[in-house]
Number of protein chains: 2
Amino acid sequence: MCSHCSCGQPTRTVQLRHNLLATNDAAAERNRERFAAAGLLVLNVLSAPGSGKTALLEQLARQWRPAPVGVIVGDLATDNDAIRLRAAGARAVQIQTGDLCHLEAAMVGRAFDQLEPQGMELLLIENVGNLVCPTAFDLGEQLRLVLLSVTEGEDKPLKYPALFKSADVVVINKVDIAEAVGFDHAAAHANLAGVAPQAPIFEVSARSGVGLDALMHWLSHQRQ
Amino acid sequence: MCSHCSCGQPTRTVQLRHNLLATNDAAAERNRERFAAAGLLVLNVLSAPGSGKTALLEQLARQWRPAPVGVIVGDLATDNDAIRLRAAGARAVQIQTGDLCHLEAAMVGRAFDQLEPQGMELLLIENVGNLVCPTAFDLGEQLRLVLLSVTEGEDKPLKYPALFKSADVVVINKVDIAEAVGFDHAAAHANLAGVAPQAPIFEVSARSGVGLDALMHWLSHQRQ
């Protein structure tokens, strides 16, 4: 049985998972080399469903101009997000994962084949909305951006610690309605400081635009 | 390769998943027999992280009195939810899943061993916050309750269709802040009617209590 927790998974399942991750890691390394050769800053953007990933990416695509922003966006179904992102000026490729709960590096590599990297500085990978499964899958990104909405509660870093521990930057979204939902900023920052002390925190509203300048400034200094 | 979608999963992974689900289905049948023998109405409660599952269950535990409500609650880490639910009068057992993204029937069976069913009419199983992975795992429940928060957007039934298709009832939560987040009730109902026409819909606020009477009334008529 799995020796990590009380999940009761058989050892064979755990072993297969390790093999799957090793295959993914090799594909992620190939992606990383391709991204570096193209001079791209690449972010893996992760959150729960409905935290506002697409709205944030629309804002980044608009504000990063004149350079075009590339987006690879994963959803189980629909290509709504790619359509929204193209309308915001992004070069967007949609991946439909069917019933798969996360993106994998090989899928991202195939999607990247469809993007024209000429003139592009920033590539955003919008993962499937899920605070668990994407954690273990390196996509070849430079930075992981984990998005948390004020509507989800201050305790999410404690309940989904592995994902938050892997974050390079945490963005708290929907701060324009923080008061209406009784969001406790101090508790959220204390929980993040305990679980993800490595990650700078930005508070934004992708809807109103509040806080985006500081995030844009930080991102523009992360290009190698 | 997987023939269902563009996920690129190897056939061996897909086959192992089928075996895992067959094992789970057998354990779910055993749970179902035990739940029926105890005369329990059992709900599998599913949503994204932060939709308000625990707040809804606290309300149901309080309002179902004088009969005690049982809760089996799954989280990757912490036992915060079981503590909250006991304070609301529930008999609660916490399952910590480690890095597992969903509950499985065997885990629920072991947790049920720790509950005292005497006098209990209602057992609520709070799944891990995830709109993908719990879909395929029958826990032996009679009913699936899928919770959607107004803060997550009206498009979630389209983006996570498999889970919503499996719902016996859909509850839209946080309607007290629907206006503040610009929630489009008509669009949400149209999307649910397309994906999950079988499921009655209740609009509630677990925080303010609005709409809970109608949900309680419906639930009280689902006991066999």
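The structure presented is a predicted model; accordingly, all values stated were derived computationally and were not measured. (Residues numbered from 1 in each chain as written. Chains lettered and ligands numbered in written order. Predicted model: local features only at pLDDT ≥ 70, side-chain atom pairs only at ≥ 80, totals over all residues.)

Check the secondary structure of chain A and you find eight helices and seven strands. Taken against the 2.2 N^0.38 rule, which gives 17 Å for 224 residues, the C-alpha radius of gyration of chain A at 17 Å falls within 12% of a compact globule. The C-alpha extent of chain A, read off along each of the three principal axes, is 50 × 45 × 35 Å. Contacts in chain A between residues at least 24 apart in sequence constitute 74% of all its contacts with a sequence separation of at least 6. (Helix = DSSP H or I, 4+ residues; strand = E, 2+ residues; numbered from the N terminus. Rg over C-alpha atoms; globule rule 2.2 N^0.38 Å. Contact = placed C-beta atoms within 7 Å.)

It is worth spelling out the relation of the copies chain A and chain B at this point. When chain A is fitted to chain B, the best match, at an RMSD of 0.0 Å, comes from turning it 180° and sliding it 0.0 Å along the axis. On this basis, the relationship between the two copies can be described by a two-fold rotation axis. Here 100% of the contact residues of chain A are again contact residues in chain B; the copies associate through an equivalent surface. (Least-squares fit on C-alpha atoms with pLDDT ≥ 70 in both.)

Contact residues are listed per partner, giving 46 residues for chain A and 46 residues for chain B. Looking at side-chain class alone, the side of chain A that touches chain B contains 24 nonpolar, 16 polar and six charged residues. (Nonpolar A, V, L, I, M, F, W, Y, C, P; charged D, E, K, R; others polar.)

All right, on to the sheet that holds strand 3 (residues 91–96) of chain B then. Residue and element names in this part refer to chain B. The strand order across the open sheet formed by seven strands is 3-2-4-1-5-6-7, and the pairing between neighbours is parallel. The open sheet has two edge strands, strand 3 and strand 7 (201–203), and neither has a second partner. Along the sheet, successive strands turn relative to each other by an average axial angle of 20°, direction set aside. As paired strands, strand 1 (residues 41–46) and strand 4 (residues 122–126) are joined by five bridges and run parallel to one another. (Pairing = 2+ DSSP bridges. Axes fitted to C-alpha atoms, helices over the stretch in contact; angles between N-to-C directions.)

Attention now goes to the sheet that holds strand 7 (residues 201–203) of chain A. Residue and element names in this part refer to chain A. Strand order in the open sheet formed by seven strands is 3-2-4-1-5-6-7, and the pairing between neighbours is parallel. Lying at the two open borders of the sheet, with one neighbouring strand each, are strand 3 (91–96) and strand 7. Ignoring which end each strand starts from, the neighbouring axes of this sheet average 20° apart. With five bridges joining them, strand 2 (residues 69–75) and strand 4 (residues 122–126) adopt parallel strand pairing. Within strand 4, the residue paired with Val 69 across the bridge is Leu 122. On the sheet, helix 3 (residues 80–87) packs against strand 2, strand 3 and strand 4 and is oriented at approximately 175° with respect to strand 3.

All names here are of chain B. Interaxial distance between helix 2 (residues 53–63) and helix 3 (residues 80–87) falls to 9 Å at its minimum, and their mutual angle equals 25°. Of the possible angle classes, the one that applies to helix 2 and helix 3 is roughly parallel. Seen along the crossing, helix 2 lies across helix 3 with a hand that is right-handed. Residues Thr 54, Leu 57, Glu 58 and Ala 61 of helix 2 form the contact with helix 3, whose participating residues are Asp 81, Arg 84 and Leu 85. Of the residues that constitute the contact of helix 2 with helix 3, the class distribution is three nonpolar, one polar and three charged. (Parallel < 35°, antiparallel > 145°, perpendicular 65-115°, else oblique. Left-handed = near helix turned anticlockwise from the far one by under 90°.)

Residues of helix 4 (residues 105–113) of chain B that are buried: B:Ala105, B:Met107, B:Val108, B:Ala111 and B:Phe112. Projected down its long axis, helix 4 of chain B carries its buried residues within an arc of 155°, all on one side. (Buried ≥ 20, exposed ≤ 12 C-beta atoms within 10 Å, placed from the backbone. Arc of directions from axis to C-beta.)

For the rest of this paragraph, the subject is the pairing of strand 4 of chain B. Buried residues dominate strand 4 of chain B, accounting for five of its five residues. Burial along strand 4 of chain B is two-sided: B:Leu122, B:Leu124 and B:Glu126 and B:Leu123 and B:Ile125, pointing in opposite directions, are all buried.

The next thing to look at is the confidence of the model for chain A. The predicted coordinates should not be examined in detail at positions where pLDDT is low. The predicted model of chain A has a mean per-residue pLDDT of 94, with 94% of residues at 70 or higher. Interface confidence for the predicted complex, given as ipTM, is 0.91, next to a pTM of 0.93. (pLDDT = per-residue confidence, 0-100.)

It is worth spelling out the environment of B:Gly211 at this point. Its location among the elements puts B:Gly211 in the loop between strand 7 and helix 8 (212–220). Setting aside residues up to four positions removed in sequence, B:Gly211 forms contacts with B:Val175, B:Phe202, B:Glu203, B:Val204 and B:Ser205.

The peptide bond linking A:Arg65 to A:Pro66 adopts the cis configuration, its omega dihedral lying at 15°. Among the secondary structure elements, A:Pro66 is positioned in the loop between helix 2 (53–63) and strand 2.

This paragraph deals with the environment of A:Ser220. All names here are of chain A. Assignment of secondary structure puts Ser 220 in helix 8 (residues 212–220). Judged by the 12 C-beta atoms lying within 10 Å of it, Ser 220 falls in the exposed class. Separated by 99 residues in sequence, Ser 220 and Glu 121 place their C-alpha atoms 9.6 Å apart.

A few words now on the environment of B:Glu141. Residues and elements named next belong to chain B. Positionally, Glu 141 belongs in the loop between strand 4 and strand 5 (143–149). As for Glu 141 and Asn 44, which are separated by 97 residues in sequence, their C-alpha atoms are 5.9 Å apart. With near-sequence residues (within four places) excluded, Glu 141 lies in contact with Val 42, Leu 43, Asn 44 and Ile 125.

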